[in-house]
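Listed here are the chains, written in short residue letters.
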Amino acid sequence: MIDDLDLGFDEQERGEKGRHRRGFVNRRNGTSGGRKSGGGTGRTIFALFMALVLLGGIGGGAFYGFDRIRNHFITPDFDGPGTGEALVDVKQGDTATDIGNSLYDAGVVKSTKAFIEAAEENALSKNIQVGRYKVKKEMRASDALILLLDPKSRVVNGVTIPEGMITLAIYDLLAKETKIPVAEFKAAAKDPVKLGVPEFWFNRKDGKKGPRSLEGFLYPATYELPPKATAAQILSLMVDKFLDVTGEMKFVETVEADRGISPYEALITASIAQAESVNHVDMPKVARVIYNRVYTDRYHCKCLEIDSAINYWLRLQGKDPKDSDILKQSELNDPRNPYRTHGADGLTITPISNPGEDALKGAMSPPNGTWVYFMTIDKKGTMGYGTTDADFRELQRKMCTNGVLSGENCR
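Rules used in this analysis
- Residues numbered from 1 in each chain as written.
- Predicted model: local features only at pLDDT ≥ 70, side-chain atom pairs only at ≥ 80, totals over all residues.
- Heavy atoms only, no water.
- UniProt positions renumbered as here; feature names shortened; annotations may be inferred.
- Helix = DSSP H or I, 4+ residues; strand = E, 2+ residues; numbered from the N terminus.
- Buried < 20%, exposed > 50% of the residue type's maximum accessible area, 1.4 Å probe, protein only.
- Contact = heavy atoms within 4.5 Å.
- Areas by Shrake-Rupley, 256 points an atom, 1.4 Å probe, with all protein chains shown as cover.
- Disulfide = S-S within 2.5 Å.
- Salt bridge = Lys/Arg side-chain N within 4 Å of Asp/Glu carboxyl O.
- Pairing = 2+ DSSP bridges.
- Core = buried A, V, L, I, M, F, W, Y, C linked by side-chain atoms within 4.5 Å.
- Phe/Tyr/Trp six-rings, centres within 6.5 Å; stacked < 30°, edge-to-face > 60°.
- pLDDT = per-residue confidence, 0-100.
- Polar contact = N/O pair within 3.5 Å; in protein donor to acceptor, adjacent residues only side chain to side chain.
- Axes fitted to C-alpha atoms, helices over the stretch in contact; angles between N-to-C directions.
- Parallel < 35°, antiparallel > 145°, perpendicular 65-115°, else oblique.
- Left-handed = near helix turned anticlockwise from the far one by under 90°.
- Nonpolar A, V, L, I, M, F, W, Y, C, P; charged D, E, K, R; others polar.

In the nomenclature of an unreviewed UniProt entry, the chain corresponds to Endolytic murein transglycosylase from the organism Micromonospora humidisoli. Turning to the chain, the UniProt annotation filed under Subcellular location (unreviewed entry) states: "Cell membrane". On record in UniProt, under Catalytic activity (unreviewed entry), the comment for the chain is "a peptidoglycan chain = a peptidoglycan chain with N-acetyl-1,6-anhydromuramyl-[peptide] at the reducing end + a peptidoglycan chain with N-acetylglucosamine at the non-reducing end."

In this section: the overall build of the chain. Broken down by element type, the chain carries 17 helices and nine strands. Counting the 411 residues in the chain, one finds 43% classified as buried. Long-range contacts, defined as pairs at least 24 residues apart, comprise 67% of the intrachain contacts of the chain with a sequence gap of at least 6. As displayed, the chain offers around 21,400 Å² of accessible surface, 51% of which is attributable to carbon and sulfur atoms.

The full count for this structure, using the stated rule, is two disulfides. Two residues, Cys 301 and Cys 303, share a disulfide whose sulfurs are 1.6 Å apart. Take Cys 303: its relative accessible area is 1%, and that puts it in the buried class. Paired through a disulfide, Cys 400 and Cys 410 show a sulfur-sulfur distance of 2.0 Å. Sign of the S-S torsion, about -90° for the bond between Cys 400 and Cys 410, identifies this disulfide as left-handed. Remark: Cys 410 occurs in the segment after α17 (389-401) and Cys 400 occurs in helix α17; sequence separation between them is ten residues. Among the residues examined, Cys 410 registers a relative accessible area of 31% and is labelled partly exposed.

We now examine the UniProt feature "site: Important for catalytic activity" (unreviewed entry) in the chain. The positions UniProt marks with the feature "site: Important for catalytic activity" (unreviewed entry) are Glu 276. Locating Glu 276 in the fold gives a position in helix α12 (residues 263-276). By relative accessible area, which is 18% here, Glu 276 ends up buried. Residues in contact with Glu 276, not counting those within four places in the same chain, are Val 286, Ile 306, Asp 307, Ser 308, Phe 374 and Met 383.

This model, assessed by the stated rule, comprises ten salt bridges. The shortest N-O distance in the salt bridge between Lys 302 and Asp 297 comes to 3.0 Å.

A few words on helix α6 (residues 112-121). Most of α6 sits out of view: seven of its ten residues are buried. Those residues of α6 that sit buried are Thr 112, Lys 113, Ala 114, Phe 115, Ile 116, Ala 118 and Ala 119. Looking at the buried positions of α6, the neighbouring elements they touch are α5 (96-105) and α7 (141-149).

All right, on to the pairing of strand β8 (residues 373-376) then. When β8 meets strand β9 (residues 383-386), the two strands line up antiparallel, connected through four bridges. Residue pairing for β9: Tyr 373 is matched across the bridge by Gly 386. The antiparallel hairpin formed by β8 and β9 contains six residues in its connecting segment, where Gly 381 sits at a positive phi of about 95°.

A few words on the nonpolar core. Residues Leu 174, Phe 185, Leu 214, Phe 217 and Leu 235 are the most contacted members of the largest nonpolar core, which totals 65 residues. Leave out the neighbours within four places in its chain, and Phe 217 touches Val 197, Trp 201, Phe 202, Met 238, Val 239, Phe 242, Tyr 264, Leu 267 and Asn 354. Counting 20 residues, the second largest nonpolar core, distinct from the first, contains Ala 86, Leu 103, Val 108 and Ile 128.

A word on the packing of aromatic side chains. Counting across every chain of the model gives 15 aromatic pairs. Here the aromatic rings of Phe 202 and Tyr 264 are separated by 5.6 Å at their centres, their planes lie at 55°, and the arrangement is tilted. Placement of the pair is Phe 202 in the loop between α9 (182-188) and β7 (222-224) and Tyr 264 in helix α12, with a sequence separation of 62 residues. Taking the relative accessible area as the measure of exposure, Tyr 264 reaches 2% and is therefore buried. Chaining the aromatic ring pairs together yields one cluster made of Phe 200, Trp 201, Phe 202, Phe 217, Phe 242, Phe 251 and Tyr 264.

Quick look at the confidence of the model for the chain now. On average, residues of the chain score 85 in pLDDT, and 82% of them are at 70 or above. Low pLDDT, under 50, characterises residues 1-43; the predicted model gives this stretch 83 contacts beyond four residues in sequence or across chains.

A separate point is unusual backbone geometry. Its identity as a non-glycine residue notwithstanding, Lys 250 has a phi of 55°, on the positive side. With relative accessibility at 49%, the residue Lys 250 sits in the partly exposed group. In this model, Glu 305 sits at a positive phi of 50°, which is unusual for a non-glycine residue. Relative to the helices and strands, Glu 305 is located in the loop between α13 (283-295) and α14 (307-316).

This part takes up the environment of Asn 122. As for its placement among the helices and strands, Asn 122 is situated in the loop between α6 and β4 (131-137). Distance from Asn 122 to Ser 142, taken between C-alpha atoms, is 8.6 Å for residues 20 residues apart in sequence. The contacts of Asn 122, once residues within four sequence positions are left out, are Leu 145 and Leu 149. Polar side-chain contacts of Asn 122 include one of 3.0 Å to the backbone nitrogen of Leu 124.

Below, the discussion takes up the packing of α12 against α13. Across the interface, α12 lies against α13 with an axial gap of 9 Å and an inter-helix angle of 125°. Between α12 and α13, the interaxial angle falls into the category oblique. Crossing angle aside, the handedness with which α12 passes α13 is right-handed. For the pair α12 and α13, contact is made by Glu 265, Ala 266, Thr 269, Ile 272, Ala 273, Gln 274 and Glu 276 and by Met 283, Val 286, Ala 287, Ile 290, Tyr 291 and Tyr 295, respectively. Partitioning the contact of α12 with α13 into residue classes produces nine nonpolar, two polar and two charged.

Pasting the structure below:
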């Protein structure tokens with residue numbers, strides 16, 4: 001049918017960019033869609049044959065148009081493996097046409113249609129991942145597809161955020177990796193809600209007031225940073241990961257149903273357990289100690305009395321943290337310190353680190369126990385637990401014997 005052939009020579013010469021939306025690859029659900037029309041090759045050959053017959057009937061001089069007619073029926077494609085280098089981005093939700101257009105614009109393929117047909121013929125095309133790829137210019141479309149499917153072609157700009165790192169240290173690390181000034185990360189972090197933290201996360205049931213801090217919401221993981229990402233976009237990426245992880249483990253629902261506290265209070269607990277524990281196995285028990293101290297009458301006060309919160313405040317001021325046997329009583333009880341836990345009841349006003357999965361799970365579902373003491377009793381990070389004053393003295397003795405504690409505490 002003539003309408004189906006649509007002899008649009010000018011558009012063909014542009015590589016048929018944007019004309020064909022069939023045979024797309026849906027990047028949102030990883031399935032291939034569209035239909036490949038049956039018998040297309042046979043009709044194309046027949047149409048080309050008829051065109052040759054018509055040209056022959058008109059006369060030899062008409063053969064100057066043969067190349068243009070042939071290019072309409074035969075998909076333009078480069079013959080060679082390509083030369084040089086080109087970078088192409090595959091974005092979330094891109095179809096085969098979108099990817100083909102990007103390849104065409106970069107001079108990689110001769111036509112978008114060539115890539116679409118290559119994708120239709122290769123069932124693995126649905127496996128192309130979002131990212132930036134290093135390919136060659138003037139490539140055969142099927143070869144370009146193979147490169148997009150090869151993980152080695154993917155340009156990775158990744159950064160790993162360790163568990164327990166505080167926000168200020170994360171900004172420093174990100175600044176070194178991205179060359180974005182620390183000041184831009186600090187500015188973006190001033191409004192956590194704008195970065196994607198739901199407002200309900202800052203609700204508390206314990207009556208404590210504190211700033212809306214991004215601390216605790218920057219999930220520790222390895223991130224592949226988008227090209228030319230801003231500070232706000234990078235931090236939002238980390239917040240999204242936090243929400244994904246806590247969503248999958250049903251952190252909010254479980255905490256509200258089982259603990260009777262707000263998710264933010266549980267997040268603070270997780271951040272403390274992360275900061276206080278050397279080994280992941282101890283995080284749930286440390287969380288239980290925190291709950292026993294703050295929410296029960298088992299301890300002599302409803303206070304934490306932990307040094308990690310004091311050190312967090314020192315680090316926020318640009319100072320180095322101190323060992324427990326070096327901290328002075330005046331520092332532990334400094335009324336100017338909003339994070340002091342000696343002489344002040346309840347949890348800290350914000351999280352004091354960015355906890356990982358084990359710490360979050362530990363705060364969400366800690367083991368049953370009456371412990372109100374936890375101490376690192378040796379240099380391997382082994383934790384000891386106790387309920388009574390006698391337990392406390394025994395744990396302290398072990399710390400002194402193993403060289404973890406010294407000075408007046410061991411006399």
